[in-house]
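Structural overview for review
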Amino acid sequence: MIIETEKLILRPVELSDAESIRLNVNNINISRYLTVVPFPYTESDATWWVNNCVSERSSKEKITFAVVIKPSSDVVGHVSFYGINLIHKTAEIGYWLGESYWRRGYISQAVRAILPYAFKELDFRRLSIRVFAENQASALLAQKLGFQFEGLLRQAVTC
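Overview of the structure.

Quick notes on the rules
- Each residue is numbered by its place in its chain's sequence as written, counting from 1.
- Confidence filtering applies because this is a predicted model: local features only for residues at pLDDT of at least 70, side-chain atom pairs given and counted only at 80 or more, and all residues used for totals across whole chains, interfaces and linings.
- Only hydrogens and water are set aside when side-chain values are computed; all heavy atoms of the structure are taken into account.
- Secondary structure elements follow DSSP: runs of H or I no shorter than four residues count as helices, runs of E no shorter than two count as strands, and numbering proceeds from the N terminus.
- Working definition: with a 1.4 Å probe on protein chains only, accessible area under 20% of the residue-type maximum means buried, over 50% means exposed, and in between means partly exposed.
- Should any heavy atoms of two residues lie within 4.5 Å, those residues are considered in contact.
- Counted as salt bridges are all cases of a side-chain nitrogen of Lys or Arg within 4 Å of a carboxyl oxygen of Asp or Glu.
- The criterion for strand pairing is that DSSP finds at least two bridges linking the strands in question.
- Definition used in this section: a nonpolar core is a set of buried Ala, Val, Leu, Ile, Met, Phe, Trp, Tyr and Cys residues joined via side-chain atoms within 4.5 Å.

**Focus on unusual backbone geometry**
Note the cis peptide between Phe39 and Pro40, where omega equals 0°. For the bond from Lys70 to Pro71, the omega torsion is -5°, close enough to zero to count as cis. By the element assignment, Pro71 lies in the loop between strand S3 (63-69) and strand S4 (75-85). One non-glycine residue with positive phi stands out, namely Lys89, at about 60°. Considering the arrangement of structural elements, one finds Lys89 in the loop between S4 and strand S5 (90-97). In this structure, Arg103 takes a positive phi of about 60° despite not being glycine. By the element assignment, Arg103 lies in the loop between S5 and helix H4 (106-121).

**Structural notes on helix H1 (residues 18-25)**
Buried residues dominate H1, accounting for six of its eight residues. Of all the positions in H1, only Ala18, Ser20, Ile21, Arg22, Asn24 and Val25 are classed as buried. Looking at the buried side of H1, the elements it contacts are helix H2 (28-31), helix H3 (43-59), S4 and S5.

**A word on the pattern of salt bridges**
In the structure shown here, the tally under the stated rule is seven salt bridges. In this structure, the salt-bridge partner of Glu14 is Arg11, at a minimum N-O distance of 3.9 Å. Look at Glu14 and you get partly exposed, because its relative accessible area is 38%. Glu150 serves as the salt-bridge partner of Arg126, at 2.6 Å between the closest nitrogen and oxygen. Placement of the pair is Arg126 in strand S6 (residues 126-128) and Glu150 in the segment after helix H5 (136-144), with a sequence separation of 24 residues. Members of the salt-bridge network, linked through shared partners, are Arg11, Glu14 and Asp17.

**Describing the pairing of strand S2 (residues 8-12)**
When strand S1 (residues 3-4) meets S2, the two strands line up antiparallel, connected through two bridges. Among the inter-strand pairings, Ile3 is bridged to a residue of S2, identified as Leu10. Across five bridges, the pairing between S2 and S3 is antiparallel. Looking at S3, one finds that Arg11 is bridged to Ala66.

**Some thoughts on the nonpolar core**
Counting 31 residues, the largest nonpolar core has Leu10, Phe65, Val79, Phe81, Ile93 and Leu127 as its most contacted members. Residue assignment for this core shows that the elements contributing at least two residues are S2, S3, S4, S5, H4 and H5. Element by element, the count of residues in this core is highest for H4, at nine residues. When neighbours within four sequence positions are excluded, Val79 is seen to be in contact with Ile63, Thr64, Phe65, Val67, Ile93, Gly94, Tyr95, Ala110, Val111 and Ile114. Ala18, Trp49, Ala66 and Val68 belong to the second largest nonpolar core, which has 16 residues in total.

Written as structure tokens, this is what we have:
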């Protein structure tokens, strides 16, 4: 599945994306808000993650889109549905973006673009975004996209 917006191409992650992913996610300001992303982020971490994305795609456990800014072919982030429950038709949305691309509306545009796909094509009835309490930028983004704050999960970690 490929989704295009005015500025972005959202497409499946490919093995050839590993180096671009490593370069963009290898940043403590990104990994501190991601529960399963180590810092430093190595080439083998990126290769493992890409292979995992491909495996999860075929099993419907997680659907990950590479975020590519037009007209480049470099992956500068990702947006995904994870924690997919096909019985209850729910999922969570996760994302990251290379720090040099922050505050330009890219992730907002990416999440907004996958919402119709989630509700119309995948038939989800509920989506959620979990945000670390101190990650105000992500909390504001979720609010801007129409998500409502429902509560604070104390000492909770999900992958």
